[in-house]
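The primary structure of each chain is shown beneath.
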Amino acid sequence: MLTSFCPVICTSRLGESRSFYNRLFGFTATFTTQWYAGLSRPGGPQRELALLDNAHPAVPQALLRPVRAVRLTLAVDDTAEEWERIAALGAAGRADRGHLVITDPNGVRIDIVAPD
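All figures in this text were calculated on a predicted structure; none of them were measured in a lab. (Residues numbered from 1 in each chain as written. Predicted model: local features only at pLDDT ≥ 70, side-chain atom pairs only at ≥ 80, totals over all residues. Heavy atoms only, no water.)

### Re helix α1 (residues 14-25)
Between its terminal C-alpha atoms α1 stretches 16 Å, which fits the 16 Å expected from 12 residues at 1.5 Å a residue. Among all positions in α1, only L14, S17, F20, Y21, L24 and F25 are buried. Viewed along the axis of α1, the buried residues span an arc of 125 degrees, placing them on a single side of the element. (Helix = DSSP H or I, 4+ residues; strand = E, 2+ residues; numbered from the N terminus. Expected span 1.5 Å × (residues − 1). Buried < 20%, exposed > 50% of the residue type's maximum accessible area, 1.4 Å probe, protein only. Arc of directions from axis to C-beta.)

What follows is the structure in structure tokens.
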């Protein structure tokens, strides 16, 4: 049985990425070092995300580069309301066929959708 799921984004912009996910989506740091940030959302259900400095010596040689291609999909109750909130925070993005699309500091595409 799956008890946890935590995507890890390898990044050369650890601080900027941490601020982005905190400011726009309410992720707070649960564990940090100079090369790693574990983030989660308060309350339930548990939502986790980790950021890892891609140049840290503990990272395997094959992974010593920032993320190349990742897309995160976030489900919200109301995309119009969420779009207004995100725009008010200064995030740039666009609407794309019912999805709100923004990009994090690493080039990760974030699709914000509402369930049908």
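### So, the sheet that holds strand β5 (residues 71-75)
Taken in spatial order, the 4 strands make up an open sheet running β5-β8-β7-β6, and their pairing is mixed. Either end of the sheet is taken by a strand with one partner, and the two such strands are β5 and β6 (93-96). Shown here is a sheet whose adjacent strand axes are inclined to one another by a mean of 25 degrees, direction ignored. Bridging between strand β7 (residues 99-103) and strand β8 (residues 109-113) involves 4 bridges; their strand directions are antiparallel. (Pairing = 2+ DSSP bridges. Axes fitted to C-alpha atoms, helices over the stretch in contact; angles between N-to-C directions.)

### A look at the side chain of S17
Within the secondary structure, S17 sits in helix α1. A polar contact of 2.8 Å, which involves the side chain of S17, links it to the side chain of N106. If we skip the residues at most four places from it in the chain, S17 touches T11, L51, P105 and N106. (Polar contact = N/O pair within 3.5 Å; in protein donor to acceptor, adjacent residues only side chain to side chain. Contact = heavy atoms within 4.5 Å.)

### A few points about the side chain of D104
When you line up the elements, D104 lands in the loop between β7 and β8. Of the buried charged residues, D104 lacks a salt bridge, with R13 as the closest side chain of opposite charge at 7.4 Å. A polar atom in the side chain of D104 sits 2.7 Å from the side chain of Y21. A polar side-chain atom of D104 sits 3.0 Å from the main-chain amide nitrogen of V108. Residues within four places of D104 in sequence aside, it is in contact with I9, F20, Y21 and I110. (Lys, Arg positive; Asp, Glu negative; His and termini not counted. Salt bridge = Lys/Arg side-chain N within 4 Å of Asp/Glu carboxyl O.)

### A look at the pattern of salt bridges
In total, this model carries 3 salt bridges according to the counting rule given. R71 serves as the salt-bridge partner of D111, at 3.0 Å between the closest nitrogen and oxygen. With D111 in strand β8 and R71 in strand β5, the pair connects residues that are 40 residues apart, well separated along the chain. Judged by its relative accessible area of 51%, R71 falls in the exposed class. For R109, the salt bridge is made with D111, and the minimal N-O distance between the two is 2.7 Å. What makes R109 partly exposed here is its relative accessible area of 29%. Through salt bridges with shared partners, one network takes in R71, R109 and D111.

### Focus: a negative patch on the surface
Side chains of D77, D78, E81 and E84 sit close together on the surface and give a patch of like negative charge. Position of E84 relative to the elements: it lies in helix α2 (residues 79-88). (Patch = residues over 30% accessible without salt bridge, like charges linked within 9 Å, V, L, I, M, F, W, Y side chains within 5 Å. Areas by Shrake-Rupley, 256 points an atom, 1.4 Å probe, with all protein chains shown as cover. Charge placed at Lys NZ, Arg CZ, Asp CG, Glu CD.)

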